Amino acid sequence: MKIETQCLHAGYTPKNGEPRALPIYQSTTYKYDKTADIGALFDLTAEGHMYSRISNPTVDAVEKKIAAMEGGVGALCTTSGQAANLLAVLNICSAGDSLISVSTIYGGTINLFAVTLKRLGIECIFVSEEDSEEKIQAAIKPNTRLIFGETLANPAMCVFDIEKFAKIAHRNNIPLVVDNTFATPVLCRPFEFGADIVTHSTTKYMDGHALQVGGVIVDSGNFDWTNGKFPELTEPDESYHGVRYVHDFGKAAYITKARVQLMRDFGMYPGALNAFLLNVGLETLAVRMERYCRNAETVARHLLKSDMIESVSYPALEGDSYHDLAMKYLPKGCSGVMALTIKGGRDTAMKFMDSLKLASNEVHVADIRTCVLHPASETHRQLNDEQLAAAGIHPGLVRLSVGLENVDDIIEDLDQALAAARG
Ligand SMILES: *Cc1c(COP(=O)(O)O)cnc(C)c1O
């Protein structure tokens, strides 16, 4: 199936007389006839649901849909994008290990990696995505377990050179984890370029309607965990009566371990209703992505003409420094998000934000409705100036998330707010 068809049909196929729409299985537990049936579930020798902290039929259908869309062997939904990135890392990193991340990533992920993981004994070494292969190679240590980046960085809109980082990761026998939130599998499928694990905040375009907070981890099934570096996947898991993930689950080793070990212990599994809402968003994702891209391109070209705008970071524009990478990784478009730098810095940017009438000022992005955010005074206010600069964030930077309104209405609103900010 092509992606437009997967959006509608992957993951759930009703049998004769069953509900056409994906049902909401709002139940914590599942009834079995025999103790042995439940015993087999605990032994992982039978498939089925036992408790909704670990799996649920509604969530399962959505996991299967997203795995199909990304071209992976399996997926695990989580209660947020933060939980997805946390579990993706903890599945193969323990105290004493390190990971490499590019610094142009979502601010919440920077906090998680630089502060909270550090408290757990896991060191994150940040590199610049423009660093040479030699420089990145030099940052990799014997205890480095993975490399991390975002396809389209939130909010700097840098395009991650997936092939370059996959090559470095694989040369060192470690996987590449890519947060594909802004691109979605409609615009880019990172596994096709060598990524091993993909994560998402499903809160963004996948949901699209600002209805639920969620995340997902997808396993490509391509990484060879038997290279000696990942005993947690090849040796018996004492917390799960000696299961050996690679031996017992083959290509699905990583994603099975994330579920039966980490999800069992941390319990960040979404409820059925949230998965149902996410699925409604996924059904129209392919159609919506096309329109977000088209509206955003029109808006970006218009804003470039304004003397109030210092720069527009939108990689689909020919002059953008990431344009060549965008043509390679995102030929269908670069989503609805762009980063504007307003002349006059922080104060003018805030005045612009406060003057908007149609676009809403809110802590969200990738919604059906146009919205804006000022990272320096809102989401990224915990970062110091040095971290802000490393994340590619200027004090006058406004993250504009172009929605599905008529593009003329969006432009009219932006123009009147720019005029008001001029004073
Ligand atoms: C929003 C976001 C996250 C965090 O996701 P939540 O669902 O808000 O927890 C992670 N990565 C990226 C790229 C994001 O945009």
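Since the model is a prediction, treat every value here as computed from it, not as a measurement.

**A few points about the site of the ligand**
Then, number 1: The environment of the ligand is made up of 15 residues, and the closest members are Asn154, Asp179, Ser201, Thr203 and Lys204.
Then, number 2: In this structure, an oxygen atom belonging to the ligand sits 2.9 Å away from a main-chain N or O atom of Gly81.
Then, number 3: Taking Thr203, its side chain carries an N or O atom lying 2.6 Å from an oxygen atom of the ligand.
Then, number 4: When the free accessible area of the ligand is taken as 390 Å², the share hidden by the protein chains comes to 93%.
Then, number 5: If one sorts the elements of the shell around the ligand by residue count, helix α4 (residues 81-90) sits on top with three residues.
Then, number 6: Of the residues that constitute the shell around the ligand, the class distribution is three nonpolar, nine polar and three charged.

**Remarks on the nonpolar core**
Then, number 1: By size, the foremost hydrophobic cluster in this structure holds 140 residues, and its most contacted members are Leu176, Val299, Leu303, Tyr314 and Met338.
Then, number 2: The element best represented in this core is helix α13 (residues 285-304), accounting for nine residues.
Then, number 3: Structurally, this core is a two-domain feature, drawing no fewer than three residues from each of domain 1 (3-280) and domain 2 (287-422).
Then, number 4: For Leu303, the contacting residues outside a window of four places in its chain are Ile309, Val312, Met338, Leu340, Leu400, Leu414 and Leu418.

**Comments concerning the environment of Pro375**
Then, number 1: By the secondary structure assignment, Pro375 is in the loop between β11 (371-373) and α16 (385-390).
Then, number 2: It is 9.0 Å that separates the C-alpha atoms of Pro375 and Gly107, two residues lying 268 residues apart in sequence.
Then, number 3: Once residues within four sequence positions are removed from consideration, Pro375 is found in contact with Pro155, His380, Arg381, Ile393, Leu397, Val398 and Arg399.

**What about the pairing of strand β1 (residues 74-78)?**
Then, number 1: Within β1, five of the five residues are buried, leaving the element largely enclosed by the surrounding structure.
Then, number 2: Going residue by residue along β1, you find Gly74, Leu76 and Thr78 tucked away on one face and Ala75 and Cys77 tucked away on the opposite face as well.
Then, number 3: Pairing between β1 and strand β7 (residues 215-219): five bridges, direction antiparallel. The partner of Ala75 across the bridge, within β7, is Val218.

**Looking at the sheet that holds strand β10 (residues 360-361)**
Then, number 1: Here we have five strands laid out as an open sheet, ordered β8-β9-β12-β11-β10, and mixed in their pairing. The two strands at the open ends of the sheet, each matched to only one other strand, are β8 (309-313) and β10.
Then, number 2: Two strands pair when backbone bridges link them, and strand β9 (residues 337-342) and strand β12 (residues 397-401) are joined in this way by five bridges, in the antiparallel orientation. Paired with Leu340 across the strands is Val398, a residue of β12.
Then, number 3: Against the sheet, helix α15 (residues 345-355) engages β9, β10, β11 and β12, with an angle of about 125° to β9.

**Here's the deal with the pattern of salt bridges**
Two side chains bearing opposite charge may form a pair once their charged atoms approach each other closely.
Then, number 1: Enumeration according to the criterion identifies 16 salt bridges in this entry.
Then, number 2: Put simply, Asp131 and Lys135 hold a salt bridge, and the shortest N to O gap is 3.7 Å.
Then, number 3: The closest approach of N and O atoms between Asp307 and Arg422, which form a salt bridge, is 3.1 Å. With Asp307 in the loop between α13 and β8 and Arg422 in helix α17 (residues 407-422), this residue pair connects regions lying 115 residues apart in the sequence.
Then, number 4: When its relative accessible area of 48% is taken as the criterion, Asp307 is described as partly exposed.
Then, number 5: Salt bridges linked by common partners bring Asp97, Arg145 and Glu232 together as one network.

**Quick word on the pairing of β7**
Then, number 1: Summarising burial for β7: five of the five residues are buried, a large majority.
Then, number 2: Of the two faces of β7, the one holding Gly215, Ile217 and Asp219 and the one holding Val216 and Val218 are both buried throughout.

**So, the packing of aromatic side chains**
Then, number 1: Under the definition given, this model contains eight aromatic pairs.
Then, number 2: Relative to Phe165, the ring of Phe160 lies with its centre 4.7 Å away and its plane at 25°, an arrangement referred to as stacked.
Then, number 3: Given a relative accessible area of 0%, Phe160 falls into the buried group.
Then, number 4: Considering the side-chain rings of Phe193 and Tyr329, the 4.7 Å spacing of their centres and the 75° angle between planes classify their relative orientation as edge-to-face. In this pair, Phe193 sits in the loop between α8 (184-187) and β6 (197-201) while Tyr329 sits in helix α14 (residues 323-329), placing the two residues 136 residues apart along the sequence. Of the two residues examined, Phe193 and Tyr329, each falls in the buried class.
Then, number 5: One aromatic cluster in this structure is built from Phe223, Trp225, Phe230 and Tyr254.
Then, number 6: Lys204 extends its terminal NZ or CZ atom over the ring of Tyr106, reaching a point 5.1 Å from the ring centre.

**Notes on the domain arrangement of the protein**
Then, number 1: Partitioning the protein into structural domains gives domain 1 (3-280) and domain 2 (287-422).
Then, number 2: Computed over C-alpha atoms only, the centres of domain 1 and domain 2 are separated by 29 Å.
Then, number 3: Facing the 36 residues of domain 1 at the interface are 36 residues of domain 2.
Then, number 4: Of the roughly 3,000 Å² buried at the junction of domain 1 and domain 2 (both faces included), carbon and sulfur atoms supply 65%.
Then, number 5: Where domain 1 packs against domain 2, one counts one salt bridge.
Then, number 6: With a shortest N-O distance of 2.6 Å, Glu163 and Lys328 are connected by a salt bridge.
Then, number 7: In this structure, the connection of domain 1 to domain 2 is made through 13 residue pairs in polar contact (both at pLDDT 80 or more).

**Here's the deal with the side chain of Thr151**
Then, number 1: Among the structural elements, Thr151 can be located in the loop between β4 (144-150) and α7 (162-171).
Then, number 2: Reaching out from Thr151, the side chain makes a polar contact with the side chain of Asn180 at a distance of 2.8 Å.

**Considerations on the sheet that holds β4**
Then, number 1: Judged by pairing direction, the sheet is mixed, and its seven strands sit side by side in the order β1-β7-β6-β5-β4-β2-β3 without closing on themselves. Two strands close off the open sheet at either side, each with one partner strand: β1 and β3 (123-127). Taken pair by pair, the neighbouring strands of this sheet meet at an average axis angle of 20°, ignoring direction.
Then, number 2: Each of β2 (98-102), β3, β4 and β5 (176-179) touches α7; the most contacted strand, β5, lies at about 150° to it.
Then, number 3: On top of the sheet, helix α11 (residues 253-266) reaches β1, β6 and β7; it is set at about 30° to β1, its chief contact.

Criteria and thresholds
Residues numbered from 1 in each chain as written. Predicted model: local features only at pLDDT ≥ 70, side-chain atom pairs only at ≥ 80, totals over all residues. Heavy atoms only, no water. Near = heavy atom within 4 Å. Polar contact = N/O pair within 3.5 Å; in protein donor to acceptor, adjacent residues only side chain to side chain. Areas by Shrake-Rupley, 256 points an atom, 1.4 Å probe, with all protein chains shown as cover. Helix = DSSP H or I, 4+ residues; strand = E, 2+ residues; numbered from the N terminus. Nonpolar A, V, L, I, M, F, W, Y, C, P; charged D, E, K, R; others polar. Core = buried A, V, L, I, M, F, W, Y, C linked by side-chain atoms within 4.5 Å. Buried < 20%, exposed > 50% of the residue type's maximum accessible area, 1.4 Å probe, protein only. Domains from an automatic or database assignment. Contact = heavy atoms within 4.5 Å. Pairing = 2+ DSSP bridges. Axes fitted to C-alpha atoms, helices over the stretch in contact; angles between N-to-C directions. Salt bridge = Lys/Arg side-chain N within 4 Å of Asp/Glu carboxyl O. Phe/Tyr/Trp six-rings, centres within 6.5 Å; stacked < 30°, edge-to-face > 60°. Lys NZ or Arg CZ within 6 Å of the ring centre and 35° of its normal. Buried area = accessible area lost by both parts, 1.4 Å probe.

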